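Summary of structural features
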Amino acid sequence: MISIGTYCEAWKAARAFALTPEQQASPLAARPYDLRHAAVSLWLNAGVAAPDVAERAGHGVDVLLKVYAKCVDGGTEIANRRIADALVV
């Protein structure tokens, strides 16, 4: 079994290797658990229905939206287009 200290040091080294200095200074992937947030946010941004994302993530929809809704970024244009498309039908 790998100790948490070893795991955290490996994570820190991986961030230094994979990210730009600006990204390293940001909270991007600061903790290994952040990968879960990234995956769930990706699913939401991809348009997967919240109940499906919640089930995949092992959450209820209320928890999903409380924790991850703030992670969804850049979706305003897509949302507006979906609303406009729905009104045309």
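For the structure itself, consult the block above.
Every chain is numbered on its own, with residues counted from 1 as its sequence reads. Under the rules for a predicted model, residues below a pLDDT of 70 receive no local features and side-chain atom pairs below 80 are neither given nor counted, while totals for whole chains, interfaces and linings still include all residues. No hydrogens and no water enter the side-chain calculation; it runs on all heavy atoms of the structure.

1. Examining the pattern of salt bridges
Salt bridges are counted wherever a side-chain nitrogen of Lys or Arg sits within 4 Å of a carboxyl oxygen of Asp or Glu. Scanning all chains against the criterion turns up one salt bridge. Two residues, Arg31 and Asp34, come together in a salt bridge whose shortest N-O distance is 2.6 Å. Taking relative accessible area as the criterion, Arg31 reaches 46% and is therefore assigned partly exposed. Exposure is judged per residue with a 1.4 Å probe applied to protein chains only, and the accessible area is read against the type maximum: over 50% gives exposed, under 20% gives buried, and values in between give partly exposed.

2. Looking at the layout of surface pockets
Space inside the second largest pocket adds up to approximately 180 Å³. Only protein atoms enter the calculation, which uses a 1 Å grid: trapped sets of points that fit a 1.4 Å probe without letting it out are cavities, open sets showing protein on both sides within 12 Å along at least five of seven lines are pockets, and any residue with an atom within 4 Å of a point is a lining residue. If you go around the second largest pocket, the residues you meet are Pro27, Leu28, Ala29, Asp34, Leu35, His37 and Ala38. Note on residue categories: nonpolar means Ala, Val, Leu, Ile, Met, Phe, Trp, Tyr, Cys or Pro, charged means Asp, Glu, Lys or Arg, and polar means any other residue, Gly included. Class assignment of the residues belonging to the lining of the second largest pocket gives a composition of five nonpolar, one polar and one charged. Grid points are joined across faces, edges and corners, and a volume is the space filled by probe spheres set on the points.

3. Remarks on a nonpolar patch on the surface
What goes into a patch is any residue over 30% in relative accessible area without a salt bridge, connected to like charges within 9 Å or, for nonpolar side chains (Val, Leu, Ile, Met, Phe, Trp, Tyr), within 5 Å. Note on areas: these come from Shrake-Rupley sampling with a 1.4 Å probe, and a residue is covered only by the protein chains present in the view. Together, Ile2, Ile4 and Tyr7 line one region of the surface with nonpolar side chains, adding up to about 350 Å² of accessible area. Working definition: helices are DSSP H or I runs of at least four residues, strands are E runs of at least two. Numbering for both runs from the N terminus. Within the secondary structure, Ile4 sits in helix H1 (residues 4-18). Accessibility expressed as a relative area gives 63% for Ile4, which makes it exposed.

4. Looking at the nonpolar core
Think of a nonpolar core as a cluster: buried Ala, Val, Leu, Ile, Met, Phe, Trp, Tyr and Cys residues, connected wherever their side-chain atoms sit within 4.5 Å. Grouped together as the largest cluster of nonpolar side chains are seven residues: Val40, Leu44, Val53, Ala54, Ala57, Leu64 and Tyr68. Among the elements of the structure, helix H3 (34-45), helix H4 (50-57) and helix H5 (61-68) are those that each provide at least two residues to this core. Looking at this core element by element, the count peaks at three residues for H4.

5. Re the environment of Ala54
With respect to the helices, strands and loops of the structure, Ala54 is situated in helix H4. Taking the relative accessible area as the measure of exposure, Ala54 reaches 1% and is therefore buried. Taking C-alpha positions, Ala54 is 9.9 Å from Trp43, a pair spaced 11 residues apart along the chain. When checking whether two residues touch, look at their non-hydrogen atoms; a contact exists if any pair is within 4.5 Å. Sequence-distant contacts of Ala54, that is, excluding residues within four places in its chain, are made with His59, Gly60, Val61 and Leu64.

6. Observations regarding the packing of H3 against H4
Each pair of packed helices gets described by two things: the angle between the helix axes and the distance between those axes. The axes are straight lines fitted to the C-alpha atoms, using for helices just the contacting stretch, and the angles between their N-to-C directions are given from 0 to 180°. Look at H3 against H4: their axes get within 10 Å of each other, and the N-to-C directions meet at 155°. As the angle between them shows, H3 and H4 are arranged roughly antiparallel. With respect to the hand of their crossing, H3 and H4 are arranged in right-handed fashion. Along its contact with H3, which presents Arg36, Val40, Trp43 and Leu44, the element H4 presents Ala50, Val53, Arg56 and Ala57. In the contact of H3 with H4, the residues fall into six nonpolar, no polar and two charged. Oblique is the label for every angle not falling under 35 degrees (roughly parallel), over 145 degrees (roughly antiparallel), or within 65 to 115 degrees (roughly perpendicular). With the far helix as reference, a near helix turned anticlockwise by less than a right angle produces a left-handed crossing, and one turned clockwise produces a right-handed crossing.

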